[in-house]
Amino acid sequence: MKKVLCFFVVMCCYCIDNQAQNSLLKLNKSNYAQIITDGVLDENEWFDAKAITIEGLTETLVTVYLKYDTENLYVAFKNLTNSENSNHNAEVLISSNLEAHNWGEQCYWFHSSYSNCSAVGQYYYWEDCSALPMGWIANNFPFKEGNDNIEFRISFSKLGLNPSAGIQIKMAFKISNPLEQHGYWPEVANIANPDTWGTITFN
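Reading the values: rules and limits
- All residue numbers refer to position in the chain's written sequence, counted from 1.
- Local features in this predicted model are restricted to residues whose pLDDT is 70 or higher, and side-chain atom pairs enter the listing and the counts only when it is 80 or higher, whereas totals over whole chains, interfaces and linings include all residues.
- Calculation of side-chain values draws on the structure's entire complement of heavy atoms; hydrogens and water are dropped beforehand.
- A run of H or I in DSSP becomes a helix once it reaches four residues, and a run of E becomes a strand once it reaches two; helices and strands are each numbered from the N terminus.
- Partly exposed residues are those whose accessible area sits between 20% and 50% of the maximum for their type, while under 20% is buried and over 50% is exposed, using a 1.4 Å probe and protein chains only.
- Pairs of residues are marked as contacts when any of their non-hydrogen atoms sit within 4.5 Å.
- Exposure above 30% relative accessible area and no salt bridge define the residues that can form patches, which grow by joining like charges within 9 Å and nonpolar side chains of Val, Leu, Ile, Met, Phe, Trp and Tyr within 5 Å.
- Surface exposure here means Shrake-Rupley accessible area, sampled with a 1.4 Å probe, where a residue is shielded only by the protein chains that are shown.
- Any carboxyl oxygen of Asp or Glu within 4 Å of a side-chain nitrogen of Lys or Arg constitutes a salt bridge here.
- Counting rule for charge: Lys and Arg are taken as positive, Asp and Glu as negative, and neither His nor the chain ends is counted.
- Charge placement uses NZ in Lys and CZ in Arg. For Asp and Glu, CG and CD serve respectively.
- Take the buried Ala, Val, Leu, Ile, Met, Phe, Trp, Tyr and Cys residues and link them wherever side-chain atoms come within 4.5 Å; each set so joined is a nonpolar core.
- A pair of Phe, Tyr and Trp rings is counted when the ring centres sit within 6.5 Å of each other, with Trp represented by its six-membered ring. The angle between the planes then sorts it: under 30 degrees is stacked, over 60 is edge-to-face, the rest tilted.
- We call two strands paired when DSSP finds no fewer than two bridges between them.
- Interaxial angle, 0 to 180 degrees, is taken between N-to-C directions of lines fitted to C-alpha atoms, where a helix line uses only the stretch in contact.
- Nitrogen and oxygen atoms within 3.5 Å of one another constitute a polar contact, given that in protein one can donate a hydrogen and the other can accept it, and given that sequence-neighbouring residues count only through two side-chain atoms.

### Looking at the overall build of the chain
Now for step 1: Counting secondary structure elements, the chain contains 3 helices and 13 strands.
Now for step 2: Classification of the 203 residues of the chain by burial places 47% in the buried group.
Now for step 3: Here the contacts in the chain between residues at least 6 apart in sequence split such that 57% fall between residues at least 24 apart.

Take a look at the structure:
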């Protein structure tokens, strides 16, 4: 009985530690070409990006790529159309303050589907939507040339950040389908709770 209990405790600790590790990303500054936000994932653009996956909503895993340079943060969502030809919305959630536990002026919401929508301090705000928003951009539906990807370019000036070495922020990536089913990275993330988001460190 003691052996079984010890095994259970060890496995619980492993799972918690593994979950924590999976929500931590370190990004090295990119010195290569800037991203053209056209939904075409050019290998020369994304080869030096970090990659994570979102499971559960599509037959093929949705891969999210993340990188940055001096001026911008870049995010790409790959494989956003399922076998029934339903497109999935892509959202980027950012908190510039690791110590903040609730949505406030340090939290940013970016959404791309048929338009680009964003807000500061709140999410699901549909009053600020534009094909050419200020401080950021993403390609939109309908997808073109057989691609089913969305690329974001978000300026650090929009976020009020200077991405120097050691700076940390909280981020989460979200996809949703027309049935309002959601998938996240980290898997435990929730849009309403920044404490559940991952930690990104700029190197």
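There is more to say after this.
### Side note on a negative patch on the surface
Now for step 1: Taken together, D38, D42, E43 and E145 make up a surface patch of like negative charges.
Now for step 2: Tracing the backbone through its elements, the reader meets D42 in the loop between β1 (24-27) and α2 (43-46).

### Quick word on the nonpolar core
If you look at soluble globular proteins, the nonpolar side chains tend to sit buried side by side.
Now for step 1: F77, V92, I94, F152, M171 and F173 are the most contacted members of the largest nonpolar core, which has 35 residues in total.
Now for step 2: Apart from residues no more than four positions distant in its own chain, F173 is found in contact with I52, I54, V64, L66, V75, F77, E91, V92, G183, Y184 and W185.
Now for step 3: Core analysis: the next-biggest nonpolar cluster, separate from the first, contains 11 residues, A119, A172, Y184 and I191 among them.

### Describing the packing of aromatic side chains
Now for step 1: Here the structure, examined in full by the defined rule, presents 19 aromatic pairs.
Now for step 2: Ring geometry for W46 against Y65: centres 6.2 Å apart, planes inclined by 40°, an arrangement best described as tilted. With W46 in helix α2 and Y65 in strand β3 (residues 62-68), this residue pair connects regions lying 19 residues apart in the sequence. We note that W46, like Y65, is buried.
Now for step 3: By the ring-pair criterion, three or more aromatic residues cluster together here, those being F77, Y108, F110, W136, F152, F173 and W185.

### Structural notes on the pattern of salt bridges
Pairs can form between side chains of opposite charge whenever their charged atoms are close.
Now for step 1: Within this structure, the stated rule accounts for 3 salt bridges.
Now for step 2: D48 is the salt-bridge partner of K67, the closest N and O atoms lying 2.8 Å from each other. Residue K67 is located in strand β3, and its partner D48 is located in the loop between α2 and β2 (50-54); the two are separated by 19 residues in the primary sequence.
Now for step 3: Classification of K67 by relative accessible area gives buried; the value is 3%.
Now for step 4: In this structure, D195 engages K170 in a salt bridge whose closest nitrogen and oxygen atoms are separated by 3.6 Å. Within this pair, whereas D195 is found in the loop between β12 (182-185) and β13 (198-202), its partner K170 is found in strand β11 (residues 168-176), the two being separated by 25 residues in sequence.

### Details of the sheet that holds β2
Now for step 1: Ordered in space as β2-β3-β4-β10-β9, the 5 strands form an open sheet in which the pairing is antiparallel. At either margin of the open sheet sits one strand with a lone partner, and together these are β2 and β9 (136-138). If you compare each strand with its neighbour and ignore which way they point, the axes differ by 15° on average.

### Considerations on the environment of K78
Now for step 1: For K78, the location among the structural elements is in strand β4 (residues 72-78).
Now for step 2: According to the relative accessible area criterion, K78 is partly exposed, its value standing at 33%.
Now for step 3: For the pair K78 and N147, spaced 69 residues apart in the sequence, the C-alpha separation amounts to 8.7 Å.

### Focus: the side chain of E151
Now for step 1: Within the fold, E151 resides in strand β10 (residues 150-155).
Now for step 2: Buried and without a salt bridge, E151 has R153 as its closest oppositely charged side chain, separated by 8.8 Å.
Now for step 3: A distance of 3.5 Å separates a polar atom in the side chain of E151 from the backbone nitrogen of V40.
Now for step 4: Separated by 2.7 Å, the side chains of E151 and W46 make a polar contact.

### Looking at the environment of V92
Now for step 1: Tracing the backbone shows V92 in strand β5 (residues 89-95).
Now for step 2: When near neighbours in sequence (up to four residues on either side) are disregarded, V92 contacts V75, F77, Y108, W109, F110, F152, I154, M171, A172 and F173.

Any link to function would need more than the numbers given here.
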